[in-house]
Amino acid sequence: MNLSNVVIILCRPEESRNVGAVCRAMANSGLKNLRIAGKKTDFDEERVRILAIHAAPIWEKAEFFDSITDAAKDCVLCAGTTRRRGKKRGKLLLPEEFAETVSPISQNGKIAVVFGNERTGLEEAELDECTMGVTIPSDEGFGSLNLSHAVQLISYHLYRKNLDEGKKVSRGSVPVTLERLNKTVTEIANDLQKIGFFKVTGRADMEKFWTDVLSRAALSESEAQYIEKVFSKAAGLSTKLKTEQ
């Protein structure tokens, strides 16, 4: 596990003190990259620092974005944390399963972990911006976790994975970012649409499916290009066969 490639993204946090507590939770596990989907001017600097204490440098270096998609565009995959299951959320990994899954990917690519608003968590549309889901089991009678506690639990499992691996370094290929992966997914959808595989109204769901699956595969640039060529050739052959009939 390469902790320097782990990015914590807070989506629409409301309480400045919670942001400070998140900084401290991150520091406990050796994480330093904080990004916030929101405006820096929405937070009280003094209240952030009160709970951040010696982890204030994480706040000082925090980056701010308009959306989860913008905040995670240079990452290989984007994991949304949620305690609620939904039809479109697929399998939700436990924290230890998540650490096991992303560890090899983190060696050469950035991993984003997204935490929602303190009151509402991640909304359906925000989870759609993520490519996989993580859940922290808790009692049904009181399932909601404090924001910093949730960050602490996920961060701890990533940290433990790092310790268990003895900070091994991989020399594997560098996976493409989500921004680059979007090009591959768009070309796949274009080619499938050319051969009439789905109606235009089904394109968004198809693109979401391919983004989620391929992000977990951590494709290299050459693999992404190969997939594009396969679908492009298939679409070309289909068009040729229709012309010859």
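Residues numbered from 1 in each chain as written. Predicted model: local features only at pLDDT ≥ 70, side-chain atom pairs only at ≥ 80, totals over all residues. Heavy atoms only, no water.

Moving on to the sheet that holds strand β4 (residues 77-81). With respect to topology, seven strands assemble into an open sheet ordered β3-β2-β1-β6-β4-β7-β5, the strand pairing being parallel. Two strands lie at the open edges of the sheet, namely β3 (63-65) and β5 (92-93), each paired on one side alone. When strand β1 (residues 6-11) meets strand β2 (residues 33-37), the two strands line up parallel, connected through five bridges. Across the sheet, I9 pairs through a bridge with R35, a residue of β2. (Pairing = 2+ DSSP bridges. Helix = DSSP H or I, 4+ residues; strand = E, 2+ residues; numbered from the N terminus.)

What follows covers the pattern of salt bridges. For the coordinates displayed, the defined rule picks out 19 salt bridges. Residue E45 pairs with R49 through a salt bridge whose shortest N-O separation is 3.2 Å. Separated by four residues within a single helix, E45 and R49 lie in helix α2 (residues 45-52), roughly one turn from each other. Given the relative accessible area of 33%, R49 is considered partly exposed. E207 is the partner of R203 in a salt bridge, and the nearest nitrogen-oxygen pair spans 2.9 Å. Residue R203 and its partner E207 are both found in helix α9 (residues 203-217); the two are separated by four residues, about one turn of the helix. Taken together, the shared-partner salt bridges connect R180, K183, E187, E221 and E228 into one network. (Salt bridge = Lys/Arg side-chain N within 4 Å of Asp/Glu carboxyl O. Buried < 20%, exposed > 50% of the residue type's maximum accessible area, 1.4 Å probe, protein only.)

Of all hydrophobic cores here, the largest spans 40 residues; its most connected members are I8, L10, L34, F98, F115, V151 and L158. Setting aside residues up to four positions removed in sequence, L10 forms contacts with V19, V22, L34, R35, I36, A37, F115, L147 and V151. Judged by nonpolar contacts, the second largest core, of 28 residues, contains C11, I68, L181 and F231. (Core = buried A, V, L, I, M, F, W, Y, C linked by side-chain atoms within 4.5 Å. Contact = heavy atoms within 4.5 Å.)

Take α9 next. Here α9 spans 21 Å end to end across 15 residues, near enough to the 21 Å set by a 1.5 Å rise per residue. Taken residue by residue, α9 has R203, M206, D212, L214 and S215 as its buried positions. Looking at the residues trailing α9, positive phi occurs at A218, about 50°. (Expected span 1.5 Å × (residues − 1).)

So, on to the packing of aromatic side chains. Aromatic ring pairs: the centre-centre distance and the angle between the two ring planes describe each pair. With the rule as written, the count across this model stands at five aromatic pairs. Each ring, one from F43 and one from W59, has its centre 6.1 Å from the other, and the planes form 80°; the classification is edge-to-face. On the criterion of sequence distance, the pair formed by F43 in the loop between β2 and α2 and W59 in helix α3 (residues 56-60) is long-range, its members being 16 residues apart. For the pair shown, F43 and W59 are each scored as buried. Each ring, one from W210 and one from F231, has its centre 5.6 Å from the other, and the planes form 80°; the classification is edge-to-face. (Phe/Tyr/Trp six-rings, centres within 6.5 Å; stacked < 30°, edge-to-face > 60°.)

Function cannot be inferred from these measures alone, as they are strictly geometric.
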